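Listed below, chain by chain, are the residues.
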Amino acid sequence: MRDHPHEGAAAPEDHARTGGADGGARPTGGAHAEIPEVWHGSATNRIQWLLAAVGVGCLALGIELAVDSSWASSLTPLVMSVVGCVAAGLLVLFGTLAFVHVAVRVEKDYLEVRCGHIGVPRRRIPLDLVVGADFAPRVTPRHWGGWGYRWRPEQGTAVVVRRGEGLVLRLGDGRTFTVTVDDAEAAVRCIRGRLGLPKGTPAGA
């Protein structure tokens, strides 16, 4: 053992040589590894299905009133009841199912947000309109006045499907766009890498 005190280990000068070579190669490979060609993220709020059930109930009530009621008398109140129940049911169904899920996709030139399982509403933002990307550790419906696609003059636009982390884009016209998405920090790193911005520490972290 004494004859080979460093057996299996590189000599100091070897470390200097290999370390220098690896040190020059690793940052480049690491940077590429951190910026995927396409980044995907999503967020889901299963509680929205409960609200969807309320919408189904309103819709079913309207249909039942239309089928089982006598249309011979009190026509106007009955029509108003049927139309009101059906309209409320459809509005609640669309408002919940459209925002029970959100999918975010970051491509080379743009970020795309699709809401619901059919992808509507949808928004695509070219990255050449983006001047910054920040991590928001906690986005809540209270901040935006509710769930769904929101707009507030002092805050900008947001897609909020659940409480929790989110991505905030700062646009060149001074507006912001916020979306709740899982692993939002990875999205921030990807967008900053595409824009050539310093990595830094995401704002709000």
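Residues numbered from 1 in each chain as written. Predicted model: local features only at pLDDT ≥ 70, side-chain atom pairs only at ≥ 80, totals over all residues. Heavy atoms only, no water.

Novice: So what exactly am I meant to see when it comes to the overall build of the chain here?
Specialist: A count of helical and extended segments in the chain gives five helices and nine strands. N-terminal to C-terminal, the α/β element order of the chain is α-β-α-α-β-β-β-β-α-β-β-β-β-α. Residue burial in the chain is summarised as follows: out of 205 residues, 34% are buried. Across the chain, contacts joining residues at least 24 apart in sequence account for 55% of those joining residues at least 6 apart. (Helix = DSSP H or I, 4+ residues; strand = E, 2+ residues; numbered from the N terminus. Buried < 20%, exposed > 50% of the residue type's maximum accessible area, 1.4 Å probe, protein only. Contact = heavy atoms within 4.5 Å.)

Novice: Any chance you could explain the sheet that holds strand 4 (residues 122-126) here in plain terms?
Specialist: The pairing of strands in a sheet happens through backbone hydrogen bonds and is either parallel or antiparallel. Strand order across the open sheet formed by four strands is 1-2-3-4, with antiparallel pairing between neighbours. With one partner strand each, in any of the chains shown, strand 1 (39-44) and strand 4 form the two edges of the open sheet. For this sheet, the mean angle separating the axes of adjacent strands, direction not counted, is 10°. Two strands pair when backbone bridges link them, and strand 3 (residues 110-115) and strand 4 are joined in this way by five bridges, in the antiparallel orientation. Bridge assignment links Leu111 to a residue of strand 4, and that residue is Ile125. (Pairing = 2+ DSSP bridges. Axes fitted to C-alpha atoms, helices over the stretch in contact; angles between N-to-C directions.)

Novice: In this structure, what is going on with helix 5 (residues 184-195)? I would like to understand it.
Specialist: Owing to its 3.6 residues per turn, the α-helix brings residues three or four apart onto one side. Look at helix 5: 17 Å from first C-alpha to last across twelve residues, which is about the 16 Å you get at 1.5 Å a residue. What helix 5 keeps buried is the set Ala184, Ala186, Ala187, Val188, Cys190, Ile191 and Arg192. One or two steps after helix 5, the chain reaches Gly196, where phi turns positive at roughly 75°. (Expected span 1.5 Å × (residues − 1).)

Novice: Could you clarify how one ought to interpret empty space enclosed by the protein in this entry?
Specialist: Empty space among the atoms becomes apparent when a probe as large as a water molecule is rolled across them. For the coordinates displayed, the defined rule picks out one cavity of 30 Å³ or more. Approximately 40 Å³ is the volume attributed to the largest cavity. By residue class, the composition of the lining of the largest cavity is two nonpolar, three polar and two charged. (1 Å grid on protein atoms, 1.4 Å probe; cavity = no way out; pocket = protein on both sides within 12 Å on 5 of 7 lines; lining within 4 Å. Points joined across faces, edges and corners; volume = space filled by probe spheres on them. Nonpolar A, V, L, I, M, F, W, Y, C, P; charged D, E, K, R; others polar.)

Novice: Before we go on, may I ask you to explain the nonpolar core in this structure?
Specialist: Soluble globular proteins tend to pack their nonpolar side chains together in the buried interior. Within the largest apolar cluster, 28 residues are counted, with the highest numbers of intra-cluster contacts made by Leu111, Val113, Val159, Leu167 and Leu169. Counting only elements with at least two residues in this core, the list comes to strand 1, strand 2 (101-106), strand 3, strand 5 (130-139), strand 8 (164-171), strand 9 (176-180) and helix 5. With six residues, helix 5 is the largest single contributor of residues to this core. If you look at the next biggest cluster of nonpolar residues, it comprises six residues, including Val139, Trp144, Val160 and Val168. (Core = buried A, V, L, I, M, F, W, Y, C linked by side-chain atoms within 4.5 Å.)

Novice: It is not clear to me how the environment of Val113 should be interpreted in this structure. Could you clarify?
Specialist: Among the structural elements, Val113 can be located in strand 3. We classify Val113 as buried; its relative accessible area is 2%. Between the alpha carbons of Val113 and Arg124 there is a distance of 6.4 Å; along the sequence they are eleven residues apart. With residues near it in sequence (within four places) discarded, Val113 still touches Val102, Ala103, Val104, Pro121, Arg122, Arg123, Val159, Phe177 and Val179.

Novice: I keep staring at the environment of Gly57 and nothing clicks. Help me out?
Specialist: Counting through the fold element by element, Gly57 comes out in helix 2 (residues 48-68). By relative accessible area, Gly57 is classed as partly exposed at 38%. The sequence separation of Gly57 and Cys85 amounts to 28 residues, and the corresponding C-alpha distance is 8.9 Å.

Novice: What am I meant to see in the confidence of the model for the chain here?
Specialist: For any part of a model where pLDDT is low, the fine detail of the predicted coordinates should not be relied upon. Summarising the model, the chain shows a mean pLDDT of 76, and 70% of its residues fall at 70 or more. Contacts from residues 1-33, a stretch scored under 50 in pLDDT, to residues over four places away or in other chains number four contacts. (pLDDT = per-residue confidence, 0-100.)

Novice: Teacher, can you tell me more about the sheet that holds strand 8 here?
Specialist: Spatial ordering of the open sheet is given by 5-8-9-7-6, a layout of five strands whose pairing is mixed. The sheet is open, and its two borders are formed by strand 5 and strand 6 (148-152), each paired with just one other strand. With direction set aside, neighbouring strand axes in the sheet form an average angle of 20°. The pairing of strand 6 with strand 7 (residues 156-160) spans five bridges and is classified as antiparallel. Bridge pairing in strand 7 places Arg150 opposite Ala158. The strands touched by helix 5 are strand 5 and strand 8; relative to strand 5, the strand with the most contacts, the crossing angle is about 170°.

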